[in-house]
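# Commentary on secondary and tertiary structure
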Amino acid sequence: QVFTNPGLFAKAYTETKTLVDGLELPIEAKTRLQQQVRGIGTSAVQGMIESDPYAAAKQLRAGAWNKYLDPDHLASLTNQAQGEVNRRQAEARATAAAQSSAGSAMLAVRINQFANGQADDIGQGAIDEMRGALTPSAWATLQKQYDDARAKRAKDDEEVGNVAALIGSGVGIDPGNT
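Reference entry: report on the structure contained in this document. (Residues numbered from 1 in each chain as written. Predicted model: local features only at pLDDT ≥ 70, side-chain atom pairs only at ≥ 80, totals over all residues. Heavy atoms only, no water.)

## Focus on the overall build of the protein
The cut-off we apply is this: In this text, helices come from DSSP runs of H or I with a minimum length of four residues, and strands from runs of E with a minimum of two, each type numbered from the N-terminal end. A 1.4 Å probe rolled over the protein chains alone gives each residue an accessible area, and that area as a share of the maximum for its type sets the label: buried under 20%, exposed over 50%, partly exposed in between. Residue contacts follow a heavy-atom distance rule, with two residues in contact if any of their heavy atoms lie within 4.5 Å. Note that accessible areas follow from Shrake-Rupley with a 1.4 Å probe, and for residues the cover is restricted to the protein chains shown.
When you go through the protein residue by residue, the secondary structure sums to 6 helices and 0 strands. Start at the N end of the protein and walk to the C end: the helices and strands fall as α-α-α-α-α-α. For the protein, with 178 residues in total, the buried portion stands at 24%. Residue pairs in contact within the protein that sit at least 24 positions apart in sequence constitute 56% of those at least 6 positions apart. With the model as given, the accessible surface of the protein reaches about 11800 Å², and the carbon-plus-sulfur share is 54%.

This is the structure:
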């Protein structure tokens with residue numbers, strides 16, 4: 001139970017140690033049982049490493065478990081706790097980098113759409129995000145690109161309309177009619 005709930009350690013250790021100390025056994029058998037009582041501490045620390053490796057590492061470094069564990073177990077559990085802390089920190093860094101990369105990629109897509117005049121469905125939040133991510137001069141350049149792209153698209157739309165009107169009127173199409 002101390003593995004899944006290290007908070008029970010003090011009570012379990014005290015009760016078990018008291019029971020073992022009160023047994024009338026040959027010294028060898030009693031010594032083996034006392035060593036097994038120390039296993040309760042190992043289980044508690046392993047459970048703590050699994051649930052909160054930061055607290056486990058801190059307590060192990062502070063010597064809180066020294067009287068319950070032999071030096072070999074202390075060293076092994078300290079390394080295990082620090083390894084889990086390192087693993088969780090690396091995982092957190094990787095997650096943050098992935099989120100940052102995904103956010104940067106989305107921002108780049110939005111900027112590209114905006115620069116090509118394809119920002120009709122981009123909301124004000126996305127525009128504010130782009131503005132915040134760019135320097136004032138880069139934002140001004142991007143706005144100019146957007147305005148130029150929109151003007152070109154309007155001109156292209158007008159020419160398409162003119163061609164459609166010519167086709168509808170039955171007049172032949174030649175470069176001089178557009």
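Having seen the structure, we can now continue with the description.
## Describing the nonpolar core
Here is the rule: Residues belong to a common nonpolar core when they are buried Ala, Val, Leu, Ile, Met, Phe, Trp, Tyr or Cys residues joined through side-chain atoms within 4.5 Å.
In this structure, Val 45, Ile 49, Leu 60, Trp 65, Leu 69, Leu 77 and Ala 81 are the most contacted members of the largest nonpolar core, which totals 18 residues. Residue assignment for this core shows that the elements contributing at least two residues are helix 1 (9–22), helix 2 (27–51), helix 3 (53–62) and helix 4 (71–115). Looking at which element gives the most residues to this core, the answer is helix 2, with 6 residues. The residues touching Leu 69, leaving out its near neighbours within four places in the chain, are Arg 38, Gly 41, Thr 42, Val 45, Leu 60, Leu 74 and Leu 77. Ala 115, Ile 122, Ala 126 and Leu 142 belong to the second largest nonpolar core, which has 11 residues in total.

## Re the packing of aromatic side chains
Stated formally: For Phe, Tyr and Trp, where Trp contributes only its six-membered ring, two rings pair if their centres lie within 6.5 Å, and the inter-plane angle classes them as stacked under 30 degrees, edge-to-face over 60, or tilted in between.
Per the counting criterion, the structure on display carries 1 aromatic pair. Judged by centre distance (5.9 Å) and plane angle (65°), the ring pair of Trp 65 and Tyr 68 falls under edge-to-face. Note on accessibility: Trp 65 and Tyr 68 belong to one class, buried.

## Let's talk about the packing of helix 2 against helix 3
The packing of two helices is summarised by the inter-axis angle and the distance between the axes. Which entries qualify depends on this criterion: Inter-axis angles, ranging from 0 to 180 degrees, are taken between N-to-C directions of lines fitted to C-alpha atoms, where helices are fitted over the stretch in contact. Convention used here: angles under 35 degrees read as roughly parallel, angles over 145 as roughly antiparallel, angles from 65 to 115 as roughly perpendicular, and any remaining angle as oblique. Residues are grouped as follows: Ala, Val, Leu, Ile, Met, Phe, Trp, Tyr, Cys and Pro are nonpolar; Asp, Glu, Lys and Arg are charged; all remaining types, including Gly, are polar.
As a packed pair, helix 2 and helix 3 sit with axes 5 Å apart at the nearest point and diverge in direction by 135°. When the axes of helix 2 and helix 3 are compared, the pair comes out oblique. Contacts between helix 2 and helix 3 involve Val 45, Met 48, Ile 49 and Ser 51 from the first element and Pro 53, Ala 55, Ala 56, Gln 59 and Leu 60 from the second. Classifying every residue of the contact of helix 2 with helix 3 gives 7 nonpolar, 2 polar and no charged.

## A few points about the pattern of salt bridges
Using the following cut-off: Salt bridge, as applied in this entry: a Lys or Arg side-chain nitrogen positioned within 4 Å of an Asp or Glu carboxyl oxygen.
Scanning all chains against the criterion turns up 4 salt bridges. Linking Glu 84 and Arg 88 is a salt bridge whose minimum nitrogen-to-oxygen distance equals 2.9 Å. Here Glu 84 pairs with Arg 88, and both are found in helix 4, just 4 residues apart, close to one helical turn. Its relative accessible area of 25% is what places Arg 88 among the partly exposed residues.

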